[in-house]
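Coordinate inspection notes
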Amino acid sequence: MNGTPHVLNRILIGILGLKLLAIGVLLMLLATVPAVGSWWQGWSTGLWEHAKYLSDQTRIPGREESWLWVAAAAVLVVLIVLMVAWVSQQGKGRANLIVSEYDDARTPGDVSIGGNLAEQALKAALAERTDLAGVTVATYEVNGRPGLRIRVQPRQGVSPHLLAADVSRLVEALDAVVGRRTPVLIHIGAGARTRFSKAERVR
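Summary of the structure given here. Note that the structure is a prediction, hence the values are computed from the model and not measured. (Residues numbered from 1 in each chain as written. Predicted model: local features only at pLDDT ≥ 70, side-chain atom pairs only at ≥ 80, totals over all residues. Heavy atoms only, no water.)

Digging into the overall build of the chain
- Of the regular secondary structure elements, the chain holds six helices and five strands.
- The N-to-C order of helical and strand elements in the chain reads α-α-α-β-β-α-β-β-α-β-α.
- Each of the 203 residues in the chain was classed as buried or not, and the buried ones make up 22%.
- Of all intrachain contacts in the chain linking residues separated by at least 6 positions in sequence, the fraction that spans at least 24 positions is 58%.
- For the chain, the accessible area works out to roughly 14,500 Å², and carbon and sulfur atoms hold 63% of it. (Helix = DSSP H or I, 4+ residues; strand = E, 2+ residues; numbered from the N terminus. Buried < 20%, exposed > 50% of the residue type's maximum accessible area, 1.4 Å probe, protein only. Contact = heavy atoms within 4.5 Å. Areas by Shrake-Rupley, 256 points an atom, 1.4 Å probe, with all protein chains shown as cover.)

Examining the pattern of salt bridges
- On inspection of all chains with the given rule, the structure shows four salt bridges.
- Put simply, Arg-129 and Asp-166 hold a salt bridge, and the shortest N to O gap is 3.1 Å. Of the two residues, Arg-129 sits in the loop between α4 (115–127) and β3 (132–142) while Asp-166 sits in helix α5 (residues 160–178), which places them 37 residues apart along the sequence.
- Exposure remark for Asp-166: the relative accessible area of 21% places this residue in the partly exposed category.
- Of the charged contacts, one joins Arg-169 and Asp-166 as a salt bridge, the two residues approaching to 2.1 Å between their closest N and O atoms. Of this pair, Arg-169 and Asp-166 both sit in helix α5, three residues apart, which is roughly one turn of that helix.
- Residues participating in the shared-partner salt-bridge network are Arg-129, Asp-131, Asp-166 and Arg-169. (Salt bridge = Lys/Arg side-chain N within 4 Å of Asp/Glu carboxyl O.)

Dropping the structure here:
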């Protein structure tokens, strides 16, 4: 419901995980297999000689430094900019208001209602239920319009469609209070807290 690039995040995490796995396997083989150690020494020596040759061939005129270092620094700067842009996309879409620019003919000016009002009201209404292990309510902006994401964790044996109907009625009551229909995403899921909770369960 938010603007976080989930697919890109999973791809990047997968690539990072594969690289770390390859490095771990290589280190383990270097420590336990003599043949791999000998291969690594020969390969790294050849790589170092090749790097020295490239450095000598790419020196800046009148200087001893290679322009490859300048190119590497530019690549690092680009990577830093990309990482900052990637971090800025995480969690994008959160909103502070559930209603903004509310036009009421009886009230002069604009009336804004904070998202915390809806979040706390729904949490308080659902917190009294013993058939729920956890409740999370957050306000997001979808296509320029604020909406709510309600995540509930029912205990074992709770009917999902009855729970969804109860939550929908609470949302309708909230709409009547704020005077505007709010887009809502209801997520019903289960986790470790649901399975291992010691509280009384509804069956």
